[in-house]
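A closer look at the structure
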Amino acid sequence: AGRGGDSAGYRGRAADVRRLRAGGGELRDEDPAADGVPEAREGDVTERPGLPLMVQATGTREMKFADADITFAQQTLVSIVRAIATKRAIEAAGPAKTATFWHVINGSLYDMAIVDWCVLFGSDHVAHQPLHWKNVFPADEFRQELYAKLKTDDGGWKTYWANLKTYRDENAAHRALNPVTNHYPNMDLAVSACDFYYEKLKLLAGQRGMNVQERSISQEYAESFEIFSRLAKSAVGATAASGEPGG
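Residues numbered from 1 in each chain as written. Predicted model: local features only at pLDDT ≥ 70, side-chain atom pairs only at ≥ 80, totals over all residues. Heavy atoms only, no water.

Focus: the packing of aromatic side chains
In the structure shown here, the tally under the stated rule is 13 aromatic pairs. Ring geometry for Tyr221 and Phe225: centres 6.3 Å apart, planes at 15°, overall stacked. Taken together, the positions of Tyr221 and Phe225, both in helix H7 (residues 217–242) and 4 residues apart, correspond to about one turn of that helix. Three or more aromatic residues joined by ring pairs form one cluster here, namely Trp117, Phe121, Trp133, Phe137, Phe142, Trp157, Tyr160, Phe196 and Tyr197. The cationic tip of Lys200 hangs over the ring face of Phe137; the distance from NZ or CZ to the ring centre is 5.6 Å. (Phe/Tyr/Trp six-rings, centres within 6.5 Å; stacked < 30°, edge-to-face > 60°. Helix = DSSP H or I, 4+ residues; strand = E, 2+ residues; numbered from the N terminus. Lys NZ or Arg CZ within 6 Å of the ring centre and 35° of its normal.)

In structure tokens, the structure reads:
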């Protein structure tokens, strides 16, 4: 698969987002009992002058967010499902096995979607991934509602999570010389998890008086796939007809 790249859709705005800076030791992914985070106290999180902040208590963690942080998380979720929709639309258009141009694009879209998904669902380190769901919402409540949404349990989620996280660590964000990953994880549950997180963020945004989009992530995915499928069919046909190598 090709390496993931920047998404101009939201990364172009990321320069305006002040990322959270919080202390904390080494955290264990998806293990709230062993994450090494002490009970939060007022003042534990660094202030960011000039930005309206929201204190969000998440069990053993207390984080402070600006509106821009919530918007950044929402834009990341939208970017993830658009990348997945684009990849699947291109596949459905049926580019030839020799159409290197499209296979490079598809590999990059897949890598980008998984890397960005792991920003919000991968490692829960409060300093490195402050917008991971555990650092935004109370973990137990979010987890149980997420499992209900996905119709899975703790074991099923951890297995799926490990598949995506391992792919990200070995193939997308880094390169393992002897990778464990020998398959491409299916992204259906990833899309559903994005849909759930987005709805939670919409509630949070509404509480802050922010503009709330009525559209859901599942709607965004479905409509993007429909439109991109038509575009991909035309584009794949055009490159094939061009006679160029790799088209």
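Some details on the packing of helix H4 (residues 139–150) against helix H6 (residues 188–207)
Describing two packed helices takes the angle between their axes plus the distance from one axis to the other. It is the contact of H4 with H6, at a shortest axis distance of 10 Å, that shows an interaxial angle of 130°. With respect to H6, the axis of H4 lies oblique. Crossing of H4 over H6 shows right-handed handedness. Together, Glu141, Phe142, Glu145, Leu146, Lys149 and Leu150 of H4 and Leu189, Ser192, Ala193, Asp195, Phe196, Tyr197 and Lys200 of H6 make up the contact between the two elements. Grouping the constituent residues of the contact of H4 with H6 by class yields 7 nonpolar, 1 polar and 5 charged. (Axes fitted to C-alpha atoms, helices over the stretch in contact; angles between N-to-C directions. Parallel < 35°, antiparallel > 145°, perpendicular 65-115°, else oblique. Left-handed = near helix turned anticlockwise from the far one by under 90°. Contact = heavy atoms within 4.5 Å. Nonpolar A, V, L, I, M, F, W, Y, C, P; charged D, E, K, R; others polar.)

What to know about empty space enclosed by the protein
Scanning all chains against the criterion turns up 1 cavity of 30 Å³ or more. One number sums up the size of the largest cavity: a volume of about 40 Å³. Forming the walls of the largest cavity are 10 residues, and the residues nearest its centre are Phe65, Ile70, Leu131, Val136 and Leu201. Of all the secondary-structure elements, those providing two or more residues to the lining of the largest cavity are helix H2 (67–93) and H6. For the lining of the largest cavity, the residue count by class is 9 nonpolar, no polar and 1 charged. (1 Å grid on protein atoms, 1.4 Å probe; cavity = no way out; pocket = protein on both sides within 12 Å on 5 of 7 lines; lining within 4 Å. Points joined across faces, edges and corners; volume = space filled by probe spheres on them.)

Topic: the pattern of salt bridges
Counting across every chain of the model gives 15 salt bridges. Residue Glu199 is joined to Lys202 by a salt bridge in which the shortest nitrogen-to-oxygen separation is 3.3 Å. Here the residue Glu199 and the residue Lys202 both occupy positions in helix H6, the gap between them amounting to 3 residues, near one helical turn. Lys202 gets classed as buried once you look at its relative accessible area, which sits at 12%. Across the pair Glu223 and Arg215 runs a salt bridge, and its minimum N-O distance is 2.6 Å. Classification of Arg215 as partly exposed rests on a relative accessible area of 32%. (Salt bridge = Lys/Arg side-chain N within 4 Å of Asp/Glu carboxyl O. Buried < 20%, exposed > 50% of the residue type's maximum accessible area, 1.4 Å probe, protein only.)

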